[in-house]
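Structural overview
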Amino acid sequence: MKVKMISRNPDNYVRETKLQHHKVPRNYDPALHPMEGPREYVRALNATKLDRVFAKPFVCNLSGHRDGVACFGKHPKLLSTLATGAYDGEVRIWDLANRISLRSFVAHDGFVRGIAYARNGQRFFTVGDDKTIKVWNAEAPDVGEEEEPVNTILSRHILHGISHNRKDNSFATCGEVCAIWDEQHNDPIKTLKWGVDTLHTISYNPVETNVLACCASDRSIILYDQREAQPLRKVVLTMKSNKLAWNPMEAFNFTVANEDCNLYSFDTRKLQTPLKVHFDHVSAVTDVDYAPTGKEFVSASYDKTMRIYHAHQSHSRDIYHTKRMQHVVCVAWSLDNRYIFSGSDEMNVRMWKANASEKLGVIRPRERTNFNYQEALKEKYAAHPQIKRIARHRQVPRHVMNAQRKMRMVKDKELVKEANVRKHSKKGKVPFVNEKQKHVLREDI
Amino acid sequence: MSDDDEQYNSTAHKKLLQAISNLGNVQHIRKSTRDERQPQQDEFQLFKSAKTTQHATKAVGVNDLVQILRSSKHIETGKKLKNVHSTKKVLEKPLEKPAADRIKRTIGYEGVKKKLGRWDAVVAKQRSAETQIFPIPSETIYINTAAHAKALRTSIKSELGKELEASNKKLRELRKAQIGDDTDEQALAKRESELIQKKLTRDELYARRRELAYLKMRESQKSAKARMQNKIKSKKYHKLQKRQKILEQMKEFEVLQKTNPQAALEKLNALEKSRVLERASLRHKNTGTWAKNLQVRAKYDKDVRKDLAEQLAVSRQLTEKKVDSDSEDEQQRARQMETNEQESYDPFNPWTKSKTAVKDEPQAEGGDSNWRKYWIERNENEKLLAEHSAEMEAAQLEKKQIKKAAKEPTKKKKKPKVVVENGWVVEEVDEAPVKAKTLDDIFDAQDENIYDKISQKLVKLRKQAEMLKQPTKKSKKLKQKRDELKNLKDLTFKKTKQRVEIDEPLNQEEVTSKPAVEGVNDLSKLEEEKKLEVEPTEIDPNKVATITWKQTVRSSDAMNNALVDDDAAEYDEADAAAERQLTISEAFEDDDIIADFNKDKTNDSEVKNTELQLAMPGWGSWAGAGISQKVMERRNKRLLLKLAAPEKRRDDNKDNLYINETSNKQARTHRVSSIPFPFKSLADYEASIRAPIGRNFVPETAFRMLTRPAVITRKGQVIDPMDESELVKPNRRLRHVVDKRIRRQEQADQAKLPKVAK
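Analysis parameters
Residues numbered from 1 in each chain as written. Chains lettered and ligands numbered in written order. Predicted model: local features only at pLDDT ≥ 70, side-chain atom pairs only at ≥ 80, totals over all residues. Heavy atoms only, no water. UniProt positions renumbered as here; feature names shortened; annotations may be inferred. Contact = heavy atoms within 4.5 Å. Salt bridge = Lys/Arg side-chain N within 4 Å of Asp/Glu carboxyl O. Polar contact = N/O pair within 3.5 Å; in protein donor to acceptor, adjacent residues only side chain to side chain. Helix = DSSP H or I, 4+ residues; strand = E, 2+ residues; numbered from the N terminus. Buried < 20%, exposed > 50% of the residue type's maximum accessible area, 1.4 Å probe, protein only. Pairing = 2+ DSSP bridges. Expected span 1.5 Å × (residues − 1). Phe/Tyr/Trp six-rings, centres within 6.5 Å; stacked < 30°, edge-to-face > 60°. Patch = residues over 30% accessible without salt bridge, like charges linked within 9 Å, V, L, I, M, F, W, Y side chains within 5 Å. Areas by Shrake-Rupley, 256 points an atom, 1.4 Å probe, with all protein chains shown as cover. Core = buried A, V, L, I, M, F, W, Y, C linked by side-chain atoms within 4.5 Å. Axes fitted to C-alpha atoms, helices over the stretch in contact; angles between N-to-C directions. Parallel < 35°, antiparallel > 145°, perpendicular 65-115°, else oblique. Left-handed = near helix turned anticlockwise from the far one by under 90°. Nonpolar A, V, L, I, M, F, W, Y, C, P; charged D, E, K, R; others polar.

An unreviewed UniProt entry lists chain B under the name U3 small nucleolar RNA-associated protein 14 homolog A, with Drosophila hydei given as the organism. One UniProt comment on chain B, placed under Subcellular location (unreviewed entry), says "Nucleus, Nucleolus". Under the UniProt heading Sequence similarities (unreviewed entry), the entry covering chain B gives this text: "Belongs to the UTP14 family."

Going by the annotation in an unreviewed UniProt entry, the name recorded for chain A is DDB1- and CUL4-associated factor 13, with Drosophila hydei given as the source organism. For chain A, the Subcellular location (unreviewed entry) comment in UniProt is given as "Nucleus, Nucleolus". Taken from UniProt, the Sequence similarities (unreviewed entry) comment for chain A reads in full: "Belongs to the WD repeat DCAF13/WDSOF1 family."

Structure follows, in C-alpha cells:
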C-alpha cells in the first residue's frame, strides 16, 4: 500500500530561536478577522501607554564646570566629542561615550562666548570676552605638556560669537562687526557692518555655505554673504533674537530663538512673514539647534525647560526638564540624531535622548520591526482622543504651568479686548491681523 | 608818473579788473561733473562755475586742444576730438553712499535668493518622501587606490627566463600553425596596448564588462526564444500570434494616421495588399489538410464543427468586399430605436419613467383630473421647447462641422418624443437619447468638445501673449508682489500617505478642551441639518412610491442594467425581467420609512417582554406521574425565568426621535469626534485608518511596507548637512526589497493615472 503524506522541511517553518516557534501559515481573508480594527486600536493604545512608560529621556549628567555653561561646540566628525565653554573662561572637552571630561583648560578671561570646530575637526576656535580668538588643537597635548593655543588672534572689536564655514577654511565672528576670517591669516578678510548695534550670535548656512546670518541687539536679524561687500538684508522683530539656527537639510530655512518666548522659522527669501511661529515656552528662549535631519529642532529656555519641535509645527512635541536644571543656556543636537545636550546655569551639561522612549543599545531585527509597527500604529490612531491624550500628556514644573496659565489668560484677555474694540468700531477699521504678521516690524533693504 | 608806473602792480590790477567784471555776473551753479578734481564735494552735488570760484588760470580744456590742432595739419583729428567732446556726456557723480549701499544690498540679496531657489526641488522631494534615510546615501564611493597600489616589479629577467620565453613563443606559433588558427597576435597586442593607453579607470572597465555581459546575455536569450518559438507546432498559437501582429499593425496605423498621413496611406496600401493576397490564396477555405482531417471528426465533435465554422467565417470576412459601414450603423440605430419604443414603463417609478419613450396618444382625455391636464399642457410646451432647442443645436452643429471642414453628413438630433399611453404621461429625460446614440456619435461629440476647448484655449493663449507683449506698469507691480515661495509650493507633491498631524500644545493639565466640544456640536448640527434637508425628499408622506408591481416588463433599460448585472445572468429573458422588476420594487420597498422607524423602535422592547420557561419535560418528575398539580405549578413557577420589565425607552414619547440605546457609552470616549487636521472629508480619514497594518492581517511584505518609519537613521553615523551634489544626483539605485517594491508600485500608479484622467 502506498501512503501519501504531506511532508514539510521544518527548516523552512521553524524560526531560529531556542523556543522553536513554528511558522504559522495564515489566511489573510478579512472575513476571518472581523475584529482587526479594534485589535489594532488596542495595540495602538498599549503602544502609546508603553511609550509613555518608557519615556525616560535623561541619559546622564556631565559635571565638572565651575561656572555656568555658556556654549557648545560640536565635533563635525566624532560623535563622542563635545566641547563646552563656561562663564569663567574654562573650556572642557568631553568624551560622551565614557561620560568623562578629557581636557579642561582656561581659555579666556571672562566668558567663553563661542566654540567652533574647523572643517576637518582637527582644530577648534574659541572666542571670549577678552577680544581674542584662540585656536586649539583637537588632540590633547602629551603628558607633561601644557595646554597652549596653537594661535591667538587679537581682535580689534569685541567678540560675541563664532561660526565656521562647513566647506572652506573661513570662519566668521560677530560682535561690533561681522568679520570674515581665514584660518591662515591673523586679520579679518572682510568686515561687514550695518548700523552700530552689537551682534551677539552668528551662524553659517551649512548648505549654501556663503550665506550667514547674525542677530543684533536692535532686535534685528541680518543676512550676509561672505563674498559680498555689503550685508544683504535685515529684518526687525518685536523683540531681540537670542540665537539662530539654519536648517541643515533645507538651505533657505532658519529658526530664531526670541526673547518673547517664541521661536520663529523664516524662509530667507521671504522675510516679511515668518513661516511658522513656535509657541509653548513661557520665558525667553535662549538657544535653538536643528536636528541633523532637519525635521526637528530643540530649544532651550530661561524657563528651565527644553522643548522639541517639529520644524513645521507650531507646538512642541516634547518637553524636557529636571528638578535641578536651572536656566538652560545652550543646547545642541548630536550629529547622529540620537541625543540632545543641554548646558545650564547651574554648571552642568546634560545629555538627553532625542526620542524620549527610544531603547538604547542593540536592537535586534525583530525588535526593530515591532518598534516600527508600534510607531506606525501610534501614527495611524494619533487622532483618537484617548491615544492623543496619553501621548501628549506631560508633567511640567509648577512654575511653568502657572506661567502658562497666566500667559493664556493674558492672551484671552487681549483677544476679548480686540473683539470688543472691533465690535464697537466702524467695520474694517480694526482689521484681523495674522499671528505671524504681528511679530515682524519691518524689513530693511 | 614814473613813480606811478613803478607803483603799478600788475597782479593787483588784474584782480581789480576781474572783480569789476564780476560785479555784473550771475553766479552759475551747475551739477558737478567728473572732469576736474575738486578738493571739496558739495553735499548737494552742485558747484559754482569755474569763473566765480577760480580766479586763477583756467584749466586746459579740450577746446583749447582743438584750437591748436585746427591750426596745424591735424585738422581731421581736431574735428574728431571736437565731435567726441560734444557727443559724449560726462559721467555723473556717484550716488550717495547709503543709496549705493542699498542698491548693492538688493543685488546681493537677489543673488542669494536665486541661489537658494535652486534647492526648491530637492527640498520638496525630501519633504514629500515617505521614508527618508539619513545620512543621505551617496552614490560616489571614494577609494584611496594609491594606498593599495602595488610597487612595480622591475626585476631583470634572467638569461634562462628569456630563452624560455622565446622557445615558448616559437612553440605557440607552431601549435597555432598546426591548428590553423590565423589570429594576428600582434594586432591583439596592439589593441591591448591601445586600451591600456586609453587608461580606462577601474570603474569604467567594470561598467564596460558589465555592459558586454548584459548584451551577450540578451542576445543568447533572444536567440533561445526565437528557437523555441520556431519549434512550437501549435496552430492556435501561430494563429493568435498572427492576430496579435495584425492588431499591432492596426494600432501603428492608427497612430500613423494621426501623425503622418503619408506614411499611413502607404501602410494602408500594404495592409490592403496583404489582404488581397490572402484573399487570392485559398486559405481559410477549409480545403487544407487540417480542415479535411477535421471534417472527418466534425460529425461527432461539436468543438470541431465550431472551429470549422470559424474558419469559414474568416474566409468570408476576408473575401467580402468592403461595404459602407454607415448604412449598417443606420440600420442598427433604427433597430435600437424600435426596441426602445417597445419598452414598457411605469408611471410611478421615477426610474422607468425617466427612461422610456412611449408612443400612443392619451386615450382617456375626457376622464382626467386637473393635474393630468396640467401634465398634457406641460408636455406640449416642452415638446415645442425641445423642438426649438433641437433645431438650435442642429444649427450649431452644422456650424461646427463647417468649421472643422469635415465631410460627414450632419446627424440631426432626434427630437425627444413625448408620448402618452394608458393615460399616463411620461416625459423623456435627456438620458434616453444619450442611450440611443451610437459610438460614433459619442466620439464625434467628444471630438467637437475637444475642438471647442482647444479653440477656446488658443484664444486665451493669444490674449495672454498679447498681454505679455505690452510692457505695462501693472506687470511691474505684480512682479514686486510675487510670492517668493511659489516655486517651492508648485514643486511640492501631495503626500500619497496622509497622516494625522496634531499641532496642539502638550496637555499639562486636564483641561476640558472647549474647542473640541464645540467641534462635536458643530458636527452633530451639520448632520442634523443634512437629515433635515434629505428627509422631505426621501419620505413621501403620501406614500406615492410604495406600489405593487403587476405590469410585466418586456425589455431592459439603463437603470435596470445598472441595478442588475445581466451579463452574468444565464436564465431566460423573462426571468431576468421579473428579477429586475423585483429589485426595483425592493429598492422602493423601504419607502415607508416612518412605519419602519416606529417598528424599529418597538423591536427592542419586544425582546425584553418575553418570559422563558426553563422547565424541561421530565425534569423534577422522577417519580413518574401523579404528582399533585399544585406542586407542579409551584415548580413551574420557580423555573419560569422572568425577564426584567421592559425599560422605558428614552425616546418613547418622541415620535421623530430615535435614540440608539445599544451604543456603548464607554466606547464613546474612544471615538474621534472631529475630522483631524490634514483630512478634508470623513471618507478620506476613514480610508486612511480602515486598512489594517499588522502582520496578523496583511502579508509580511505588505506589513514591512506599511510600517516603514518616516525617518531612518543609523546609529553612530554622522549625518552631514545637505550637499550640493544632491542637486544633480540621479535617482538612487535601490537595494532594499521593500524600497524596490515601493518604487515599482509608484511607477505602476503613475502609469495608471493618465488613463484614469482620460
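1. Considering the interface of chain B and chain A
Each partner contributes to the interface: chain B provides 71 residues, whereas chain A provides 88 residues. Across the contact surface, chain B and chain A share eight salt bridges. Of the charged contacts, one joins Arg 269 of chain A and Asp 120 of chain B as a salt bridge, the two residues approaching to 3.0 Å between their closest N and O atoms. At the junction of chain B with chain A, the criterion picks out 26 residue pairs in polar contact (both at pLDDT 80 or more). Contributing elements (two or more residues each) for the side of chain B that touches chain A: helix 6 (97-117), helix 7 (120-128), strand 3 (132-134), helix 29 (682-690), helix 30 (700-706) and strand 8 (711-713) of chain B. With twelve residues, the single largest contributor to the side of chain B that touches chain A is helix 6 of chain B.

2. Re the pairing of strand 27 (residues 339-344) of chain A
Residue and element names in this part refer to chain A. Extensive coverage of strand 27 is indicated by the burial of five of its six residues. The sheet contact formed by strand 26 (residues 328-333) and strand 27 spans five bridges and is antiparallel. Pairing of Ala 332 across the sheet is with Phe 341, part of strand 27. If you look at the hairpin formed by strand 26 and strand 27, you'll find five residues sitting between the two strands, and Asn 337 has a positive phi there, around 65°. Bridge count between strand 27 and strand 28 (residues 348-353): five bridges; the pairing is antiparallel. Bridge pairing in strand 28 links Phe 341 to Met 351. Taken together, strand 27 and the strand that follows it, strand 28, pair antiparallel across an intervening segment of three residues, in which Met 347 is found at a positive phi of about 75°.

3. Some remarks on the UniProt feature "repeat: WD" (unreviewed entry) in chain A
Residue and element names in this part refer to chain A. Here the UniProt-annotated "repeat: WD" (unreviewed entry) positions come out as residues 62-104, 105-137, 278-309 and 321-362. Helix makes up 0% of residues 105-137 and strand 61%, whereas the separation of the span's terminal C-alpha atoms amounts to 12 Å. Between the first and last C-alpha atoms of residues 278-309 the distance is 8 Å; the span itself is 0% helix and 53% strand.

4. A short note on the pattern of salt bridges
All chains considered together, the criterion is met by 40 salt bridges over all chains. Across the pair Asp 723 of chain B and Arg 166 of chain A runs a salt bridge whose closest N-O atoms are separated by 3.8 Å. With Asp 723 of chain B in the loop between strand 8 and helix 31 (737-757) and Arg 166 of chain A in the loop between strand 10 (159-164) and strand 11 (170-175), this residue pair bridges two chains. The class for Arg 166 of chain A is partly exposed, based on a relative accessible area of 25%. Glu 252 of chain B serves as the salt-bridge partner of Lys 267 of chain B, at 2.8 Å between the closest nitrogen and oxygen. Of this pair, Lys 267 of chain B sits in helix 13 (residues 261-280) while Glu 252 of chain B sits in helix 12 (residues 235-259), and the two are 15 residues apart along the sequence.

5. Side note on helix 5 (residues 398-423) of chain A
Given 3.6 residues to a turn, an α-helix orients residues that are three or four positions apart in the same direction. All names here are of chain A. The terminal C-alpha atoms of helix 5, which comprises 26 residues, lie 37 Å apart, in line with the 38 Å expected from a rise of 1.5 Å per residue. The set of residues buried in helix 5 consists of Val 400, Met 401, Gln 404 and Arg 422. Here the buried face of helix 5 lies against strand 24 (306-310).

6. Details of the packing of aromatic side chains
All names here are of chain A. Inspection of every chain in the model, using the stated rule, returns 15 aromatic pairs over all chains. Seen from their ring centres, Tyr 117 and Phe 124 are 5.2 Å apart, and the 50° between their planes marks the pair as tilted. On the basis of relative accessible area, Tyr 117 is assigned to the buried category, the value being 7%. Ring centres of Tyr 320 and Trp 352 lie 5.3 Å apart, and the angle between their planes is 15°; this geometry places the pair in the stacked category. Residue Tyr 320 is found in strand 25 (residues 316-320), and its partner Trp 352 is found in strand 28; the two are separated by 32 residues along the sequence. Residue Tyr 320 is classed as buried on the basis of its relative accessible area of 2%. An aromatic cluster of three or more residues is present, and its members are Phe 105, Tyr 117, Phe 124 and Trp 136.

7. Topic: a nonpolar patch on the surface
Residue and element names in this part refer to chain B. A grouping of Leu 16, Leu 17, Ile 20 and Leu 23 is seen on the molecular surface, where their side chains present a nonpolar patch of about 430 Å² in accessible area. For Leu 16, the location among the structural elements is in helix 2 (residues 10-23). The class for Leu 16 is partly exposed, based on a relative accessible area of 48%.

8. Re the environment of Val 53 of chain A
All names here are of chain A. Secondary-structure assignment places Val 53 in helix 2 (residues 36-53). Of the residues examined, Val 53 reaches a relative accessible area of 48% and is grouped as partly exposed. For the pair Val 53 and Ser 357, spaced 304 residues apart in the sequence, the C-alpha separation amounts to 7.9 Å.

9. A closer look at the nonpolar core
Judged by nonpolar contacts, the single largest core of 34 residues is most densely connected at Ile 221, Leu 223, Leu 244, Phe 254, Val 256 and Phe 266 of chain A together with Trp 119 of chain B. Grouped together as the second largest cluster of nonpolar side chains are 15 residues, Tyr 320, Met 325, Trp 352 and Ala 356 of chain A included.

10. Examining the side chain of His 164 of chain A
Residues and elements named next belong to chain A. Secondary-structure assignment places His 164 in strand 10. For His 164, a relative accessible area of 11% translates into the label buried. With sequence-adjacent residues up to four places away left out, His 164 is seen in contact with Ala 116, Tyr 117, Ala 118, Arg 119, Phe 125, Asn 169, Ser 170, Phe 171, Glu 183 and Tyr 204.

11. Things to note about the side chain of Thr 173 of chain A
One can find Thr 173 of chain A in strand 11. When residues no more than four places from it in sequence are discounted, the contact partners of Thr 173 of chain A are Val 127, Ile 133, Leu 159, Gly 161, Ile 162, Cys 178, Ala 179, Trp 181 and Ile 202 of chain A.

12. Let's talk about the packing of helix 4 (residues 62-71) of chain B against helix 5 (residues 75-87) of chain B
All names here are of chain B. As a packed pair, helix 4 and helix 5 sit with axes 8 Å apart at the nearest point and diverge in direction by 160°. Considering their axes alone, helix 4 and helix 5 lie roughly antiparallel with respect to each other. The two elements helix 4 and helix 5 meet at a crossing, and its hand is left-handed. Judged by residue contacts, Val 62, Asn 63, Leu 65, Val 66, Leu 69 and Arg 70 of helix 4 engage Ile 75, Thr 77, Gly 78, Leu 81, Lys 82 and His 85 from helix 5. Residues belonging to the contact of helix 4 with helix 5 are distributed by class as follows: six nonpolar, four polar and two charged.

13. Overview of the sheet that holds strand 20 (residues 263-267) of chain A
Residues and elements named next belong to chain A. With antiparallel pairing, four strands are arranged side by side in an open sheet as 18-19-20-21. Each edge of the sheet is formed by a strand with only one pairing partner; in this case those strands are strand 18 (241-246) and strand 21 (276-278). Going across the sheet, the axis of each strand differs from the next one's by a mean of 20°, ignoring polarity.

14. Quick word on unusual backbone geometry
Looking along the chain, the bond that leaves Phe 134 of chain B and enters Pro 135 of chain B is cis, with omega of -5°. Inspection of the secondary structure assignment puts Pro 135 of chain B in the loop between strand 3 and helix 8 (145-148). Its identity as a non-glycine residue notwithstanding, Lys 131 of chain A has a phi of 60°, on the positive side. By relative accessible area, Lys 131 of chain A is classed as partly exposed at 33%. If you check the backbone angles, Cys 261 of chain A has positive phi at about 70° while not being a glycine. Structurally, Cys 261 of chain A can be placed in the loop between strand 19 (253-258) and strand 20.

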